[in-house]
Amino acid sequence: MKKSTLVFSFFILAKFLLQYIAVHPDFELHRDEFLHLDQARHLAWGYLSVPPFTSWVSLLIQFLGGGEFWTRLFPAFFGALTIALVWDLVKRLGGNLFAQSLASVALLCSAMIRLNMLYQPNSVDILCFTLVPYTLIRYFEHKENKWLYGMALTFALAALNKYNIAFLGFGLLPALLITKQGSLFSNKHLYYSILLLIVLILPNVIWQINHGFPVLRHMELLKEYQLVNNSRLGFWKDQVLFFFPSLILWLLGLIYVFTSRKTKKYRFIGWTYIFTMGIFTYLHAKGYYAIGMYPALIAFGSVWVSQWIPKESNRGKMEGNTPPVVPEMSVTVIQSLFSKKKYLLQTLILIIPPVLFSFAFDLIHPFYSPEKILESPPPYSKLGLNTWEDGKEYPIPQDFSDMLGWSELAGLVDEAYAQMPKDGRTLIICDNYGEAGAINFYTKTPGLEAFTMNADYLYWFDLEEPVDNLILVWMAQEKITDREINFFEEYKEIGKVTNPLSREKGTTVHYLRGAKVDVNSILEGEIKEKKQLWEERD
């Protein structure tokens, strides 16, 4: 086996190991992951929250048996594919094994470990953000039109995964126009590839049209409740932190793209970064939206750094060119010293990112058990990690809090369901999609399925059969009303989520048996009202 293959295999194995080491076994899946997993039960060409690609992956996870292992494997796999893509890109740019290793280390010791630990569209998003410049570089390398179709397929996959790719497109277009690569627009295959892209994403566009473009409503809600708390300075602070162990590397990559003669035909990569980041900054985007901009820059930076270290062959020229007064043994000793110095320098450069990353590894990942976090809280505030999307500070990062209390909640619902009469239909309605998805994932009751009037679950209700009993799952601030209680013959509170670090702490499971009114008509009215918020626009 070739040395390069062994080294590459080492980095891929390290990627998978780090992904599983980063998450303590006591942490469960994240609330968003449950929603994506449940989409496999309700396949469609679109959803309120995301395009359909994630549901297809969820179907594969379901086929493999489900569970936390398979759910966490796929984002790690997409992260490994990103490393593989950058590995080959470095080679295409003329980089050696050291350059490939340096780029791989930079990607391993970065925010991509945290991002690839969650089953969300973000991992595929970063892969596609990297694949777009890769396909264009391959095209400009030999002007092979197949890479234009490869770019179209990449944009299609990205658009069917997460609409974030549109911002890269808006940045790429002017970048190509202002550089010599603008000649690309005279190639008819570019327009054929764009036609292919349109055909591939058309089913999702039709779905959006038929449902009143809920993506626009989703963006409104995002802007109103989340992006409003983001500052432009905070966005750029995140850019520094995401790859802080290798910050100098992507900065060098940007400089190399703009200044080197060797990269003249790749100037559009640098301009794409500038235009896209400008759009993100203007829109108060979340910092992680831009993570996909960096793997390609890291590839260029790694190649440039490797060029600073003299090649072995250059020193080999000493043989036959040394004065006769220099003994042959001295030449051998000098070459050996040069060789040792070279590998010492390469080793030093390669170990700097892991050393720096190790200082923050336990802070940016749910590495410690919840018990240890309670007993001795890590200094999350030093990196601003415990500031949630509402702009307030909490004991632990929001993502960590969203990974606790779920199995406890599912256990309470199972307990309530077991107390219900066997005849008649019992419907479980939750306050949010995290609760509904977690119950469906962790329940031990066969056939049990929870719903919510939140997110995509709004379209999954089946009210053809009369509802006789309800199990309501309300968050701590949501109180059950006397009106709701009086609709049923019996009411009791089953229990509450007690995990002190869980975002769902205090979430209560309510038992309501024997409906005295037409529950279905009430629910149908509420569902219709909720759908109007998504489908009807001013």
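Below, the structure is looked at part by part.

The rules behind these values
- Residue positions within a chain follow its written sequence, with the count starting from 1.
- The predicted origin of the model limits local features to residues at a pLDDT of at least 70 and limits the giving and counting of side-chain atom pairs to 80 or more, whereas totals for whole chains, interfaces and linings rest on all residues.
- Only hydrogens and water are set aside; all other atoms, that is, all heavy atoms of the structure, feed into the side-chain values.
- Any two of the Phe, Tyr and Trp rings considered here, Trp counted by its six-membered ring, make a pair once their centres fall within 6.5 Å; the pair's planes then place it as stacked at under 30 degrees, edge-to-face at over 60, or tilted in between.
- Helix and strand assignments come from DSSP, with helices taken as H or I runs of at least 4 residues and strands as E runs of at least 2, each series counted from the N terminus.
- Buried means the residue's accessible area, taken with a 1.4 Å probe over protein chains only, is under 20% of the maximum for its type, while exposed means over 50%, and partly exposed covers the values in between.
- In this analysis an axis means a line fitted to C-alpha atoms, helices contributing only their contacting stretch, and an angle means the value between N-to-C directions, from 0 to 180 degrees.
- Relative orientations are named as follows: roughly parallel for angles under 35 degrees, roughly antiparallel for angles over 145 degrees, roughly perpendicular for angles from 65 to 115 degrees, and oblique for any other angle.
- Each crossing gets its handedness from the near helix: less than a right angle anticlockwise from the far helix is left-handed, clockwise is right-handed.
- Pairs of residues are marked as contacts when any of their non-hydrogen atoms sit within 4.5 Å.
- Residue classes follow a fixed rule: Ala, Val, Leu, Ile, Met, Phe, Trp, Tyr, Cys and Pro count as nonpolar, while Asp, Glu, Lys and Arg count as charged, and any other residue, Gly among them, counts as polar.
- Paired strands are those between which DSSP finds at least two bridges.
- The patches reported here contain residues having more than 30% relative accessible area and no salt bridge. Joining distances are 9 Å for like charges and 5 Å for nonpolar side chains (Val, Leu, Ile, Met, Phe, Trp, Tyr).
- All accessible-area figures derive from a Shrake-Rupley calculation using a 1.4 Å probe, and residue coverage is judged against the displayed protein chains alone.
- In the sections that follow, a salt bridge refers to a side-chain nitrogen of Lys or Arg positioned within 4 Å of a carboxyl oxygen of Asp or Glu.
- Two residue types count as positive, namely Lys and Arg, and two as negative, namely Asp and Glu; His and chain ends fall outside the count.
- Charge placement uses NZ in Lys and CZ in Arg. For Asp and Glu, CG and CD serve respectively.
- Here a helix's expected span is defined as the number of its residues, less one, multiplied by 1.5 Å.
- Note that the arc is defined by the directions from the helix axis to the C-beta atoms.

## Some words on the packing of aromatic side chains
Tallying each qualifying case throughout the model produces 40 aromatic pairs. A ring pair is formed by Tyr-256 and Trp-304, whose centres lie 5.3 Å apart and whose planes are at 15 degrees; its orientation type is stacked. Placement of Tyr-256 in helix H13 (residues 247-259) and of Trp-304 in helix H15 (residues 294-308) is noted, with a sequence separation of 48 residues between them. Consider the rings of Phe-357 and Phe-361, whose centres lie 5.7 Å apart with planes at 80 degrees: the pair is edge-to-face. Judged on exposure class, the residue Phe-357 and its partner Phe-361 are both buried. Through a chain of ring-to-ring contacts, the aromatic side chains of Phe-167, Phe-235, Trp-236, Phe-280, Tyr-288 and Tyr-289 assemble into a single cluster.

## Structural notes on the packing of helix H9 (residues 165-177) against helix H14 (residues 267-282)
At their nearest, the axes of H9 and H14 sit 8 Å apart, and the two run at 135 degrees to each other. Our classification of the angle between H9 and H14 gives oblique. The interaxial crossing formed by H9 with H14 has right-handed handedness. Seen from H9, the contacting residues are Phe-167, Leu-168, Phe-170, Gly-171, Leu-172, Pro-174, Ala-175 and Leu-176; seen from H14, they are Phe-268, Trp-271, Thr-272, Phe-275, Thr-276, Ile-279 and Phe-280. Among the residues forming the contact of H9 with H14, the class breakdown is 12 nonpolar, three polar and no charged.

## Digging into the environment of Trp-474
Here Trp-474 lies in strand E3 (residues 469-474). Along the chain, Trp-474 and Phe-275 lie 199 residues apart, while their C-alpha atoms are 44 Å from each other. Contact partners of Trp-474, with chain neighbours within four places excluded, come to Ile-429, Cys-430, Asp-431, Lys-479, Ile-480, Glu-484, Gly-506, Thr-507, Thr-508 and His-510.

## Describing the sheet that holds E3
Taken together, the five strands give an open sheet; going across it, the order is E2-E1-E3-E5-E4, and neighbouring strands pair in mixed fashion. Two strands close off the open sheet at either side, each with one partner strand: strand E2 (450-452) and strand E4 (488-496). Taking each pair of neighbouring strands and ignoring which way they run, the sheet shows an average axis angle of 25 degrees. Here strand E1 (residues 426-430) pairs with E3 via five bridges, running parallel. When the sheet's bridge partners are listed, Leu-427 is paired in E3 with Leu-470. Packed on one face of the sheet, helix H21 (residues 406-419) meets E1, E3, E4 and strand E5 (508-515) and runs near 150 degrees to E4.

## Focus on a negative patch on the surface
Together, Asp-423, Asp-462, Glu-464, Glu-465 and Asp-468 line one region of the surface with negative charge. Turning to its location among the elements, Asp-423 is positioned in the loop between H21 and E1.

## Comments concerning H9
In an α-helix there are 3.6 residues to a turn, and that puts residues three or four apart on one side. Along its 13 residues, H9 runs 19 Å from first to last C-alpha, staying within 8% of the 18 Å computed at 1.5 Å per residue. Inspection of H9 places Ile-165, Phe-167, Leu-168, Gly-171, Leu-172, Ala-175 and Leu-176 among the buried residues, and these make up the whole buried set. The buried side chains of H9 occupy one side of the element, clustering within an arc of 155 degrees when seen end-on. Away from the buried face of H9 by more than 90 degrees, exposed residues Phe-170 and Leu-177 are located. Here the buried face of H9 lies against helix H7 (122-142), helix H8 (146-159) and H14.

## With respect to the environment of Thr-259
Topologically, Thr-259 is positioned in helix H13. Here Thr-259 falls in the exposed class, since its relative accessible area comes to 52%.

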